[in-house]
Structures are given as C-alpha cells and as structure tokens.
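Residue strings, one per chain:
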Amino acid sequence: MFATHRVEDANELSLQLDSTLQELPGWDVKLETHLPGNKLNSLFENESLLPGIILTDKQHFVGMISRQKFFEFMSRPYSFGLFSMRPIQSLYNFIHPKEFIYPANMPITEATQAALQRSPQCVYEPILVKSASGEYKVVDFHQLLLANSQIHALTLTKLQQVEQQSQIAKAGFRDLQNNYTRLLQNEKMAALGQLVAGIAHEINNPINFIAGNLVHTIDYSQQLLDLINLYQKNYPHPVAEIEDAIAQSELDFITSDLPTILNSMQSGCDRIGQIVRSLRNFSRLDESERKLVDIHEGIDSTLLILHSRLKNQKNYHNISVIKEYGNLPLVDCYAGLLNQVFMNLLSNAIDALEESTLQNQTTTKPQIIIRTEITNDRQVLVSIADNGIGIPEEVQERLFDPFFTTKPVGKGTGLGLSICYQIVTEKHGGQINCLSILGQGSEFIIKIPIQ
C-alpha cells in the first residue's frame with residue numbers, strides 16, 4: 001500500500017559547496033491512487049512533518065499531493081464528504097496540483113534558486129527529487145532552505161580562508177621581493193665598496209706623493225725667486241748674454257706666475273683629496289654597524305660626488321642647490337645605507353630637472369632645496385625638493401614598490417626608491433613620504449629617530 005522513509009534534519013548534514021539534492025533528507029511515502037481519499041488524511045495526521053505523499057498506480061509514479069494543498073482543499077465545504085471515500089485519483093484529477101520535479105544530481109544552490117522563482121502560490125510547496133534509477137522522494141522546502149543556508153555559510157568560510165591564503169601568498173611574494181631587493185642592494189653596495197676602495201687607493205697614493213713634494217717645490221721655487229731678486233738688486237747691470245736670456249724667458253712674468261701655478265696645483269691636490277674622502281665617507285667601507293654620524297656630512301659628500309651632474313653641459317642649465325640646514329645633533333644610524341638614500345633621491349631629482357629642462361616644461365631656474373630640522377617628537381627631518389616636472393598621482397601610489405619605474409628601459413631598475421623605503425623604515429624605524437604636484441615639482445621627506 002505505502003512505505004515511509006525519513007532522514008535527519010538538513011542542519012545535521014555535512015554538506016559541501018557542490019552538494020546535490022541527492023544528499024538532502026526526503027520522504028518516500030506512497031499511496032496507490034485507487035485507495036479512498038481518507039487514507040491521505042490518516043497519513044498526514046499520523047506524520048505531522050510529512051510535506052507530501054507520492055501517488056502511484058500499480059507502483060508507477062503518478063504525481064504528488066502536498067500537505068498544504070490537501071488540507072486547503074479539504075477545508076472547503078462538502079469537500080471531505082465528497083472525496084473521503086472516493087479514489088484518490090478523483091481528488092488528484094480535481095485538484096490537479098502542479099509538481100516541481102528536479103533531478104537528484106542538481107546542485108542544492110541551483111535548485112533553491114529555481115524553487116524561489118516559482119509563483120507566490122507555489123513557492124512554499126515541497127519539491128520532488130528524481131534519482132537516476134527513477135525513484136522519487138519528497139523534500140520539504142524548509143529543508144531545502146536550511147541546506148542552502150548551510151552552503152552559504154560554508155561559502156563565506158571558504159572565501160575567508162581563500163582571502164587569508166591570498167594575503168599570506170601576497171605577503172610571501174612581498175617578502176621574496178624585499179629579499180631580492182636586499183640581495184641586489186648588498187651586491188650593489190659590495191661592488192660599489194670595492195670600486196671606491198680601489199679608486200681611493202689608486203688615487204690616494206699618487207696624490208699624497210704629489211701633495212707631499214709640492215710643499216717642497218713651492219718652498220724651493222720661492223727660494224730661487226728670492227735668490228734671483230737678490231742678484232738683480234746687487235747686480236743691476238748684468239752682461240749682455242744674461243740680459244738676452246732674461247728677455248727671452250720673460251723672467252718678470254715667470255716670477256709672478258710661478259707661485260700662482262704652484263698654488264693652483266696645491267688647490268687641485270686638496271680637491272682630489274676631498275673627493276677621495278667624500279667617496280670613502282659615502283660608502284662608509286669600514287662602518288657596517290650603527291654609529292653616531294653627522295647627517296650634513298653625508299649629504300655634502302653625496303653632493304660632491306654628483307657635482308658634475310649639477311653642472312649640466314647638455315643644455316647649459318646648471319642646477320643650483322639651496323641648503324637650509326638646521327642645527328642637528330649626531331644621529332644614531334647606518335651611515336653608508338643612509339648615504340645611499342641621499343644618493344638615490346638626489347639622482348632622481350636631477351633626472352626630473354633634466355627631463356623638465358629638455359621638455360621645456362618650466363621657465364624657472366632648476367634648483368634642489370635640501371632642508372633639515374628636528375621635529376617636536378625628536379626626529380631628524382630631511383627634505384629634498386625639486387622644481388621639476390612632478391609625479392602623477394597614479395604613479396605616487398606605487399613609487400616605493402619593488403621593480404616599479406617610469407624610466408626608459410636600461411635607465412631605471414625600479415629598485416632605487418624601494419631600497420630607500422626599506423633602509424629608512426626597516427633599518428632605521430623611520431618614515432619616507434613623497435609630496436608632488438604635477439608640473440610643480442616633488443618633495444621627498446625622510447624622518448629618522450635621533451636614537
């Protein structure tokens with residue numbers, strides 16, 4: 001006559017994102033259509049949670065009558081008396097209920113969407129699930145919603161996990177980028193250190209030799225000139241041969257010009273020695289640890305190295321450097337690394353001014369303003385500003401990203417500002433920011449704790 005089968009609530013199932021209707025709890029209560037209508041009433045009264053009854057004719061599927069439709073119809077006047085003793089087939093034909101049959105392999109989310117699109121009169125009706133073997137079961141719409149809600153919560157959880165994994169992956173990628181830039185930076189500084197050491201050694205030895213002997217040369221030449229003056233004073237009328245030799249050698253010009261030449265040579269030696277000291281100060285070859293240093297000394301050394309670029313020979317527009325130095329104490333820092341920051345920022349400022357001049361985008365004289373001061377929270381502030389072409393807003397957002405550059409291929413690596421950011425923030429616990437207005441110039445501001 002009929003069979004009943006019921007499983008647990010949908011909330012107690014372990015559903016997955018791709019779970020199908022086959023996994024949902026359902027009822028397979030069946031009645032033959034030749035039985036009287038009161039059999040339906042008895043089943044619905046005995047099973048208070050039964051959403052619907054499957055109707056069969058000689059065990060072949062005919063349709064389904066839901067609890068809601070059955071009691072809605074039977075509550076009408078005379079309906080129970082008319083159909084309680086008649087075959088269920090008569091009631092079914094009269095009601096002619098609309099069934100919603102879905103395949104068992106249909107995803108729960110898809111079935112829920114389809115069920116919710118039914119007409120308002122049928123939206124809460126149970127659904128029929130048909131298996132591949134042709135078997136049917138009735139699934140309560142409430143169970144379908146519970147299952148869909150569980151999958152929705154599971155989806156949110158999965159999304160959060162994926163987002164966390166994505167963040168971890170991004171963090172790992174950033175770490176790889178940072179490690180790679182550090183490796184490049186270390187190689188660059190090592191190569192620079194070897195180059196500077198070699199140059200300093202090769203220049204320092206001969207210049208010391210020249211400078212050391214130049215002192216005696218100046219002294220000897222002055223003694224010879226004094227001796228010549230003494231001869232001229234005591235022998236004002238030399239023989240004709242000496243007078244001819246004095247006239248041909250232009251003794252008076254040599255007497256006045258020789259000290260000038262020797263003094264110029266002395267100045268040149270001093271200048272070369274200053275450059276060598278600046279190179280050594282910039283690279284800080286012997287200083288790998290933190291120590292108290294003069295920030296102004298590092299900036300001046302960097303400017304001295306860049307002196308040739310400030311005197312632009314291409315367009316005859318020299319770049320003026322304005323120093324607005326404050327009264328700074330010695331700062332506890334990695335001097336070599338900090339000098340590298342100054343080198344990168346000043347080089348970029350010179351590049352911007354050169355490009356601005358070549359493109360005739362400014363009528364003002366190119367200049368770089370370097371300002372230093374102590375902030376109220378006991379930090380050293382170093383500002384390097386130029387009046388070049390400026391930086392677009394969309395570029396400013398990525399300035400400190402590794403490998404990001406707007407320079408032509410072969411001119412920029414995209415590592416300079418990224419390395420500056422790591423040196424200032426990670427090595428010194430400071431801050432570096434950029435303020436720029438397109439067409440008006442850029443300003444890079446560095447803040448570093450004094451201690």
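What counts and how
- Residues numbered from 1 in each chain as written.
- Predicted model: local features only at pLDDT ≥ 70, side-chain atom pairs only at ≥ 80, totals over all residues.
- Heavy atoms only, no water.
- Helix = DSSP H or I, 4+ residues; strand = E, 2+ residues; numbered from the N terminus.
- Buried < 20%, exposed > 50% of the residue type's maximum accessible area, 1.4 Å probe, protein only.
- Contact = heavy atoms within 4.5 Å.
- Areas by Shrake-Rupley, 256 points an atom, 1.4 Å probe, with all protein chains shown as cover.
- Salt bridge = Lys/Arg side-chain N within 4 Å of Asp/Glu carboxyl O.
- Core = buried A, V, L, I, M, F, W, Y, C linked by side-chain atoms within 4.5 Å.
- Axes fitted to C-alpha atoms, helices over the stretch in contact; angles between N-to-C directions.
- Parallel < 35°, antiparallel > 145°, perpendicular 65-115°, else oblique.
- Left-handed = near helix turned anticlockwise from the far one by under 90°.
- Pairing = 2+ DSSP bridges.
- Arc of directions from axis to C-beta.
- pLDDT = per-residue confidence, 0-100.
- Polar contact = N/O pair within 3.5 Å; in protein donor to acceptor, adjacent residues only side chain to side chain.

So, the overall build of the chain
Here's step 1: Across its full length, the chain carries 13 helices and 13 strands.
Here's step 2: A total of 451 residues make up the chain; the buried ones form 39% of that total.
Here's step 3: The long-range fraction of contacts in the chain, counting pairs at least 24 apart against all pairs at least 6 apart in sequence, stands at 69%.
Here's step 4: For the chain, the accessible area works out to roughly 26300 Å², and carbon and sulfur atoms hold 54% of it.

Here's the deal with the pattern of salt bridges
Here's step 1: Tallying each qualifying case throughout the model produces 6 salt bridges.
Here's step 2: When the shortest N-O distance is used, the salt bridge between aspartate 300 and lysine 323 registers 2.9 Å. In this pair, aspartate 300 is assigned in helix α9 (residues 295–305) and lysine 323 in strand β8 (residues 320–324), connecting sequence segments 23 residues apart.
Here's step 3: Note that aspartate 351 is salt-bridged to arginine 309, the shortest N-O span being 2.5 Å. Of this pair, aspartate 351 sits in helix α11 (residues 335–358) while arginine 309 sits in helix α10 (residues 307–310), placing them 42 residues apart in sequence.

Describing the nonpolar core
Here's step 1: Within the largest apolar cluster, 42 residues are counted, with the highest numbers of intra-cluster contacts made by Ile295, Phe342, Ile368, Val382, Leu399, Phe444 and Ile446.
Here's step 2: Mapped onto this core, the elements with two or more residues apiece are α9, β9 (331–333), α11, β10 (367–374), β11 (379–386), α13 (416–427), β12 (431–437) and β13 (441–449).
Here's step 3: A per-element tally of this core places α11 first, with 11 residues.
Here's step 4: The next biggest cluster of nonpolar side chains, apart from the first, holds 24 residues, and it includes Trp27, Leu43, Leu50 and Phe70.

So, the packing of α9 against α11
The description of two packed helices rests on the angle between their axes and on the distance between the axes.
Here's step 1: One way to put it is that α9 packs onto α11 with a least axis distance of 9 Å and a crossing angle of 45°. Taken together, the axis directions place α9 and α11 in an arrangement best described as oblique. Considering only the axes of α9 and α11, their crossing is right-handed. Contacts between α9 and α11 pair Ile295, Gly298, Ile299, Thr302, Leu303 and Ile305 from the former with Leu338, Asn339, Phe342, Met343 and Leu346 from the latter.

With respect to the sheet that holds strand β6 (residues 136–139)
Here's step 1: Judged by pairing direction, the sheet is mixed, and its 3 strands sit side by side in the order β4-β5-β6 without closing on themselves. Edge positions in the sheet fall to β4 (101–103) and β6, since each of these pairs with one other strand and no more. The mean inter-strand angle of the sheet, taken between neighbouring strand axes irrespective of direction, is 35°.
Here's step 2: Here strand β5 (residues 127–130) runs beside β6; their pairing, made up of 4 bridges, is antiparallel. Bridge pairing links isoleucine 127 to valine 139 in β6.

Side note on the environment of cysteine 269
Here's step 1: With respect to the secondary-structure elements, cysteine 269 resides in helix α8 (residues 251–283).
Here's step 2: Take cysteine 269: its relative accessible area is 10%, and that puts it in the buried class.
Here's step 3: Through-space distance from the C-alpha of cysteine 269 to that of isoleucine 210 is 7.6 Å; in sequence the pair is 59 residues apart.
Here's step 4: Setting aside residues no more than four positions away along its own chain, cysteine 269 makes contact with Ile207, Ile210, Ala211 and Leu214.

Quick notes on helix α4 (residues 88–95)
Here's step 1: Buried within α4 are the following residues: Ile88, Leu91, Tyr92 and Ile95. Taken around the axis of α4, the buried residues stretch over an arc of 100°, which confines them to a single face.
Here's step 2: Elements in contact with the buried residues of α4: β1 (30–32), α1 (38–46), β2 (52–57), β3 (60–66), α2 (67–74) and α3 (79–83).
Here's step 3: Count one or two residues on from α4 and you reach histidine 96, which has phi positive near 50°.

So, the confidence of the model for the chain
Here's step 1: On average, residues of the chain carry a pLDDT of 81, and 84% of them reach 70 or more.
Here's step 2: Throughout residues 1–7 the model reports pLDDT below 50, and contacts reaching past four residues in sequence, or to other chains, amount to 22 contacts.

A short note on the side chain of histidine 428
Here's step 1: In this structure, histidine 428 sits in the loop between α13 and β12.
Here's step 2: From its side chain, histidine 428 meets the backbone oxygen of isoleucine 423 in a polar contact 2.8 Å long.
Here's step 3: Beyond its immediate chain neighbours, meaning those up to four positions away, histidine 428 contacts Arg290, Cys333, Tyr334, Leu338, Ile423, Ile448 and Pro449.

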